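Commentary on secondary and tertiary structure
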Amino acid sequence: VTKHLRELPMLIHLGEVRDLQNVEARAEGALRIGAAVPLTDAWGAIVARVPALAELAQRFASPPVRNSGTLVGNLANGSPIGDAMPALIALGATVELRRGDATRTLPLEALYLDYMKKDLARGEFVVAVNVPIPNAAVRVASYKLSKRIDQDISAVCAAFAVEVVDQ
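For the structure given in this document, a descriptive report is provided here. Small disclaimer: the values here were computed from a predicted structure and weren't measured. Position labels on residues start from 1 in each chain and follow its written sequence. Given that the model is predicted, a residue must reach a pLDDT of at least 70 before its local features are reported, and side-chain atom pairs must reach 80 or more before they are shown or counted; all residues, however, enter totals for whole chains, interfaces and linings. Excluded from the side-chain calculation are hydrogens and water; included are all heavy atoms of the structure.

1. Remarks on the overall build of the protein chain
- A tally of regular secondary structure across the protein chain gives six helices and nine strands.
- Relative to the globule expectation of 15 Å for 167 residues, the C-alpha radius of gyration of the protein chain, 16 Å, shows essentially globular dimensions.
- Projected onto its principal axes, the C-alpha positions of the protein chain cover 60 × 40 × 30 Å.
- In this scheme, a residue with accessible area under 20% of its type's maximum is buried, one over 50% is exposed, and one in between is partly exposed, where area comes from a 1.4 Å probe on protein chains only. Looking at the 167 residues of the protein chain, the share that counts as buried comes to 34%. In this description a helix means any DSSP run of H or I spanning at least four residues, a strand means any run of E spanning at least two, and both kinds are numbered starting from the N terminus. Put simply, the radius of gyration uses C-alpha atoms, and a globule should come to 2.2 Å times the residue count raised to 0.38.

Right, here's the structure in full:
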């Protein structure tokens, strides 16, 4: 039952599906983060390769949420206060979607159609997010403004990935 006293439809817990629990470094220089990977592990893998996102990762939710929630769940929720979206969109992340045997891949920014509205077909879910790792010429920065420094939703969250080219 929700806070609006609506009954929820049947829910399926995917947290124990082994194929969704992995963080994989791909040959093309991206990380593939499965839907069941906790935020702590997902951000740890990203920050190890993109240290400029360390502060954003540290300020992302509380430790209990980071250890039980997932990065893909945060993305699939589509809340406009999600702090992961700006950084991952700036890096060029894509999401893998699945319904039965049918799969498709979308740029993360294309997943969001409107306020709390996503490009998900009935029965489709996000299997993983693919996060490209920037090369040495790319400068990455993120900024979060909130009432409190820790464990607070953002008033504004922005991220940038800019390639610097020598002339």
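Structure's up, so let's keep going.
2. Some thoughts on the sheet that holds strand 2 (residues 30-34)
- If you trace the five strands from one edge of the open sheet to the other, you get 1-2-7-3-4, paired in antiparallel fashion. The sheet terminates laterally at strand 1 (23-25) and strand 4 (102-107), the two strands that pair on one side only. Strand-to-strand twist of the sheet, defined as the mean angle between neighbouring strand axes without regard to direction, takes the value 20°.
- Pairing of strand 1 with strand 2 involves three bridges; the strand directions are antiparallel. Residue pairing for strand 2: V23 is matched across the bridge by I33.
- The criterion used for residue contact is that any of the two residues' heavy atoms lie within 4.5 Å. Simply put, an axis is a line fit to the C-alpha atoms, just over the touching stretch for a helix, and the angle between two N-to-C directions goes from 0 to 180 degrees. Relative to strand 2, helix 1 (residues 39-49) is tilted by about 175°, and along the sheet it contacts strand 1, strand 2 and strand 7 (125-132). Think of it this way: DSSP has to see at least two bridges between two strands before they count as a pair.

3. Focus on the nonpolar core
- Ranked by size, the top nonpolar core spans 39 residues in total, and within it I33, W43, I46, L53, L71, L88 and V129 carry the most contacts.
- Looking at which element gives the most residues to this core, the answer is helix 1, with six residues.
- Those residues in contact with I33 that lie beyond four places of it in its chain are N22, V23, A42, I46, L71, V72, V127, A128, V129 and V131. Remark: nonpolar core denotes a set of buried residues (Ala, Val, Leu, Ile, Met, Phe, Trp, Tyr, Cys) joined through side-chain atoms within 4.5 Å.

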